[in-house]
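As a plain string of letters, each chain reads:
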Amino acid sequence: MSPAFSVPGGAMKLTTLCYIERGGEYLMMHRVLKENDCNHDKWIGIGGKFEPGESPHECIRREAMEETGLRLGGLRFRGIVTFVSDEWETEYMHLFTCSEFSGEPRECSEGVLEWIPKARLMELPMWEGDAIFLRLLDTDRPFFSLKLVYRGEALVCAELDGERIR
């Protein structure tokens, strides 16, 4: 049984995240520009919160355009990641990859965008759970459900398709 934490009001949020691929690289964002950012100083993919009435595909396309200026095509819906935390609201993140896009990345108000070779990703400061789903993306695993439970910034439990892996 995984540890659970309650958050006042039982709040939760719906988000998307996409790893845009070019050859053997992903477009990553170093989150250093946004105030009060729970991802501050970490490297993550592109994404954000749903707006009312949006589907996961609509949300990630909008977020990618807002954050990068890129128009995404050929999205591949890879999985759902559930984040549970003793500090933040529960988050259900819809995870995508994309290797078809048009345009050129532009500056972003939330962080610095950079193409990073996949072989170097694990050298970057990131959430411990992100390393788990990045490895899953690298194995081309079919659609998955990953639950990540954090106490502060420490990952205390990870479950893949209902089975504890950490």
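Residues numbered from 1 in each chain as written. Predicted model: local features only at pLDDT ≥ 70, side-chain atom pairs only at ≥ 80, totals over all residues. Heavy atoms only, no water.

J.: Help me get a handle on the overall build of the chain, residues and values and all.
T.: Across its full length, the chain holds two helices and 10 strands. Secondary structure of the chain in N-to-C order comes out as β-β-β-β-α-β-β-β-α-β-β-β. At 15 Å, the chain has a C-alpha radius of gyration in line with the 15 Å of a compact globule built from 166 residues. With respect to the principal axes defined by its C-alpha atoms, the chain has extents near 45 × 30 × 30 Å. Considering the chain as a whole, with its 166 residues, one finds that 48% of them fall into the buried category. Counting contacts in the chain only where the partners sit at least 6 residues apart, residues at least 24 apart contribute 63% of the total. Within the structure as shown, the chain displays about 8500 Å² of accessible surface, and the carbon and sulfur contribution to it stands at 50%. On the chain, the mean spot of the 20 positive side-chain charges and the mean spot of the 29 negative ones are 3 Å from each other. (Helix = DSSP H or I, 4+ residues; strand = E, 2+ residues; numbered from the N terminus. Rg over C-alpha atoms; globule rule 2.2 N^0.38 Å. Buried < 20%, exposed > 50% of the residue type's maximum accessible area, 1.4 Å probe, protein only. Contact = heavy atoms within 4.5 Å. Areas by Shrake-Rupley, 256 points an atom, 1.4 Å probe, with all protein chains shown as cover. Lys, Arg positive; Asp, Glu negative; His and termini not counted. Charge placed at Lys NZ, Arg CZ, Asp CG, Glu CD.)

J.: Describe in detail unusual backbone geometry, supporting the description with residues and values.
T.: Positive phi, close to 50°, is recorded for Asp161, a residue that is not glycine. With respect to the helices and strands, the residue Asp161 is situated in the loop between β9 (154-160) and β10 (163-164).

J.: Hey, could you go over the pairing of strand β2 (residues 25-30) for me, with residue numbers and the actual values?
T.: In this structure, strand β1 (residues 12-22) lies alongside β2, joined through three bridges in antiparallel fashion. Across the sheet, the residue bridging to Glu21 is Tyr26, located in β2. Looking at chain direction, β2 and strand β3 (residues 43-44) are connected through two bridges and run antiparallel. Looking at the pairing, Met29 lines up with Ile44 of β3. (Pairing = 2+ DSSP bridges.)

J.: Break down the packing of aromatic side chains for me, citing the residues and quoting the values.
T.: Any two aromatic rings considered together are summarised by their centre-to-centre distance and by the angle between their planes. Taken as a whole and judged by the stated rule, the model has seven aromatic pairs. When the centroid spacing of 6.3 Å and the interplanar angle of 55° are considered together, the rings of Tyr19 and Phe133 count as tilted. Remark: Phe133 occurs in helix α2 (residues 128-138) and Tyr19 occurs in strand β1; sequence separation between them is 114 residues. Look at Phe133 and you get buried, because its relative accessible area is 0%. Relative to Trp127, the ring of Trp88 has its centre 5.9 Å away and its plane inclined at 85°; by these criteria the two rings are edge-to-face. Of this pair, Trp88 sits in the loop between β5 (71-85) and β6 (90-102) while Trp127 sits in the loop between β7 (112-117) and α2, and the two are 39 residues apart along the sequence. Accessibility expressed as a relative area gives 31% for Trp88, which makes it partly exposed. Residue classification places Trp127 among the buried positions, given a relative accessible area of 8%. Ring pairs connect the aromatic residues Tyr19, Tyr26 and Phe133, which therefore count as one cluster. The ring of Trp127 carries the charged tip of Lys42 above its face, separated from the ring centre by 4.4 Å. (Phe/Tyr/Trp six-rings, centres within 6.5 Å; stacked < 30°, edge-to-face > 60°. Lys NZ or Arg CZ within 6 Å of the ring centre and 35° of its normal.)

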